[in-house]
Amino acid sequence: GSCQGLYTANTMACLTEVMGMSLPWCSTSAAVSSHKRRIAFESGMQIVELVKQGKKPLDIITKDTLRNAIIADLAMGGSTNSFLHILALASAAQLDVSLKDFEELSYKIHQIVKLEPSSTITMSGFYQAGGVNAVLKTLLRDVPLFKDSTGVSLSKTSEIVKDAYVDSTIIHNYNEPFTTKPGLGILYGNISPNGSVIKISAVDKSCYEFVGKAKVFDSEEEAMEALENNAVKAGDVVVIRYEGPKGGPGMREMLAPTSLIVGKGLGTKTALITDGRFSGGTRGICVGHICPEAADGGVIGLIEDGDVIEININNRTLDLKVSDDEIERRRKKYVKPEMKVKSGYLLKYSKIVQDASHGAIVG
């Protein structure tokens, strides 16, 4: 079991089903239900059958099925962590899927599902509305980019969902979406020339264009202390850096500061940007996975208190409103902070881990 919203665990469970790596209904049937017990038993039987037939994961995980996962992710508005996992899967499978696929598809996919934390509908409600089968039926019918495939069930997706029930009040028709924007988006600009991510579905429409002044922190702990002491005000852009894969090291999720911002009533008045990552439960104007990260020479490491930062979801941009000359001046006098760890595995990890735009993989 996992929590009740479309957070990271449930996002990845749904995308596992989309890719065909779990049996139908596996991702949304409740942990304590008889349906889940049957799926568990049937999964064991099916694994034996797959071994008998010599079927392996890379017979199922292909470029098409990974792109299907991206399309479904955008249509459902899942966790931003899915970017890391899908990119890491592509690397492990040696498939040509990159952040460019997310960017390309994000301009073509509408959001047709809104679940907690973007609405009051939980995973149980999603299950009752038709679950992943209903989403697959809708995407197969209305999105030519979404490809039919065969997964661990050894049946075509089109065959599985042919008679699927769809509650269109929860899983909208594709031509009547919640929004023509995707649930997730990639922002580029001088702060994130190699990309950053935002959960568009969790941002109030009134905040799609946000301009504020930077309040800079070199760790999550420093930001939390400022938030707890009411040092962050409306109009601020909280900058949390040195929390990326190299700088963390390890890329912690920023659930605590994002929750505190919303809890203090600043969810539409204050933004947060970071080279770290978020929980799937994050709400508000929160941009993560900024690449290059501060520990890798990124511009986020050159931001100073009071700098103006512009976040534009409509244009998919994230910019520091400082001249190129000033950025270069700061870069010349920049002194990189000492690493948080001095020895051991984490030090080795920080030296070889790749950035978030490549899935934060090692090697």
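Structure: see above.
Described in the following lines is the structure provided in the data block. These numbers were taken from a predicted model, which means no experiment stands behind them.

## Side note on helix 11 (residues 255–263)
Moving on, step 1. All of the buried residues in helix 11 are Pro 257, Thr 258 and Ile 261. Axial view of helix 11: buried residues confined to an arc of 100°, hence all on one face.
Moving on, step 2. Turning to helix 11, the residues buried within the fold contact helix 10 (220–228), strand 4 (236–240), strand 5 (271–274) and strand 6 (285–288).
Moving on, step 3. Positive phi appears at Gly 265, one or two residues downstream of helix 11, with a value of about 80°.

## As for the pattern of salt bridges
Moving on, step 1. Summed over the entire model, instances satisfying the criterion amount to 19 salt bridges.
Moving on, step 2. The network of salt bridges with shared partners includes Glu 220, Glu 221, Glu 243, Arg 252 and Lys 340.

## Some thoughts on the pairing of strand 7 (residues 308–312)
Along any regular strand the residues' side chains alternate between the sheet's two faces.
Moving on, step 1. Where strand 3 (residues 209–217) lies against strand 7, five bridges are found, and the strand directions are antiparallel. Bridged to Gly 212 within strand 7 is Ile 309.
Moving on, step 2. Inspection of the sheet shows strand 7 paired to strand 8 (residues 317–320) by four bridges, in the antiparallel sense. Bridging across to strand 8, Glu 310 finds its partner in Asp 319.
Moving on, step 3. In textbook terms, the turn of a hairpin is the stretch between consecutive antiparallel strands, and for strand 7 and strand 8 this stretch comprises four residues, one of which, Arg 316, has a positive phi near 55°.

## Side note on the environment of Gln 111
Moving on, step 1. Structurally, Gln 111 is set in the loop between helix 6 (99–106) and helix 7 (123–128).
Moving on, step 2. Looking at Gln 111, the relative accessible area reads 1%, which means it is buried.
Moving on, step 3. Each C-alpha atom of the pair Gln 111 and Ile 200 lies 9.8 Å from the other, and the pair is 89 residues apart in sequence.
Moving on, step 4. Within the structure, Gln 111 has its side chain in polar contact with the backbone oxygen of Val 113 (distance 2.8 Å).

## Focus: the nonpolar core
Moving on, step 1. By size, the foremost hydrophobic cluster in this structure holds 46 residues, and its most contacted members are Phe 102, Ile 109, Val 113, Phe 126, Leu 139 and Ile 171.
Moving on, step 2. Every element with two or more residues in this core is listed here: helix 1 (8–19), helix 4 (63–76), helix 5 (81–93), helix 6, helix 7 and helix 8 (131–142).
Moving on, step 3. Among the elements that make up this core, the one with the highest residue count is helix 4 (eight residues).
Moving on, step 4. Among the nonpolar cores identified, the runner-up in size contains 31 residues, and Ile 200, Ala 214, Val 216 and Ala 294 belong to it.

## Section: the sheet that holds strand 3
Moving on, step 1. Across the sheet, eight strands lie side by side as 1-2-6-5-4-3-7-8; this open sheet has mixed pairing. Bordering the open sheet on either side are strand 1 (185–187) and strand 8, each of which pairs with just one other strand. Strand after strand, the sheet turns through a mean of 30° between neighbouring axes, direction not considered.
Moving on, step 2. As paired strands, strand 5 and strand 6 are joined by three bridges and run parallel to one another.

## What about the side chain of Asn 312?
Moving on, step 1. Mapping Asn 312 onto the fold places it in strand 7.
Moving on, step 2. For Asn 312, the side chain forms a polar contact with the main-chain nitrogen of Asn 315, separated by 2.8 Å.
Moving on, step 3. Those residues in contact with Asn 312, other than ones at most four positions away along the chain, are Leu 187, Tyr 208, Glu 209 and Thr 317.

## Side note on the packing of helix 4 against helix 5
Two packed helices can be described by the angle between their axes and the distance between those axes.
Moving on, step 1. The contact between helix 4 and helix 5 brings their axes to 11 Å, and the two run at 175°. Viewed along their axes, helix 4 and helix 5 adopt a mutual orientation that is roughly antiparallel. Contacts between helix 4 and helix 5 involve Leu 66, Ala 69, Ile 70 and Asp 73 from the first element and Ser 82, Ile 86, Leu 89 and Ala 90 from the second.
Moving on, step 2. Its residues placed into classes, the contact of helix 4 with helix 5 shows six nonpolar, one polar and one charged.

## Observations regarding empty space enclosed by the protein
Moving on, step 1. The full count for this structure, using the stated rule, is three cavities of 30 Å³ or more.
Moving on, step 2. Of the volumes computed, that of the largest cavity is approximately 120 Å³.
Moving on, step 3. Taken together, 17 residues line the largest cavity, and the ones lying closest to its centre are Glu 17, Gly 20, Ser 22, Thr 157 and Ile 160.
Moving on, step 4. Elements with a contribution of two residues or more to the lining of the largest cavity: helix 1, helix 8 and helix 9 (157–160).
Moving on, step 5. Per-element accounting of the lining of the largest cavity gives the leading share, three residues, to helix 1.
Moving on, step 6. Looking at the lining of the largest cavity, its residues break down into seven nonpolar, nine polar and one charged.

Rules used throughout
- All residue numbers here refer to positions counted from 1 along the written sequence of the relevant chain.
- Residue-level local features of this predicted model are given only where pLDDT is at least 70; pairs of side-chain atoms are given and counted only at 80 or more, and the full residue set underlies all totals for whole chains, interfaces and linings.
- Only hydrogens and water are set aside when side-chain values are computed; all heavy atoms of the structure are taken into account.
- Think of it in three bands: residues with accessible area under 20% of the maximum for their type are buried, residues over 50% are exposed, and the middle band is partly exposed, with areas taken using a 1.4 Å probe on protein chains only.
- Secondary structure elements are defined from DSSP: runs of H or I of at least 4 residues count as helices, runs of E of at least 2 residues count as strands, and each element is numbered from the N terminus.
- An arc is given here, and it is the one of the directions from the helix axis to the C-beta atoms.
- Contacts are residue-level and defined by heavy atoms, with any inter-residue pair within 4.5 Å sufficient.
- For salt bridges, the criterion is a side-chain nitrogen of Lys or Arg within 4 Å of an Asp or Glu carboxyl oxygen.
- Two strands qualify as a pair provided DSSP detects at least 2 bridges between them.
- N or O atoms within 3.5 Å of each other form a polar contact, as long as, within protein, one can give a hydrogen and the other can take it, and as long as residues adjacent in sequence are counted only when both atoms are side-chain atoms.
- Throughout this description, the term nonpolar core refers to a set of buried Ala, Val, Leu, Ile, Met, Phe, Trp, Tyr and Cys residues connected via side-chain atoms within 4.5 Å.
- Orientation is described by axes fitted as lines to C-alpha atoms, over the contacting stretch for helices, and by angles from 0 to 180 degrees between their N-to-C directions.
- The cut-offs work like this: below 35 degrees is roughly parallel, past 145 is roughly antiparallel, 65 to 115 is roughly perpendicular, and the gaps in between are oblique.
- Charged residues are taken to be Asp, Glu, Lys and Arg, nonpolar residues to be Ala, Val, Leu, Ile, Met, Phe, Trp, Tyr, Cys and Pro, and polar residues to be all remaining types, Gly included.
- In this analysis a 1.4 Å probe is tested at points of a 1 Å grid over the protein atoms alone, and where it fits but cannot get out there is a cavity; an open set with protein on both sides within 12 Å along at least five of seven lines is a pocket; lining residues have an atom within 4 Å of a point.
- Grid points are joined across faces, edges and corners, and a volume is the space filled by probe spheres set on the points.

None of the figures reported here should be taken as evidence of function without further support.
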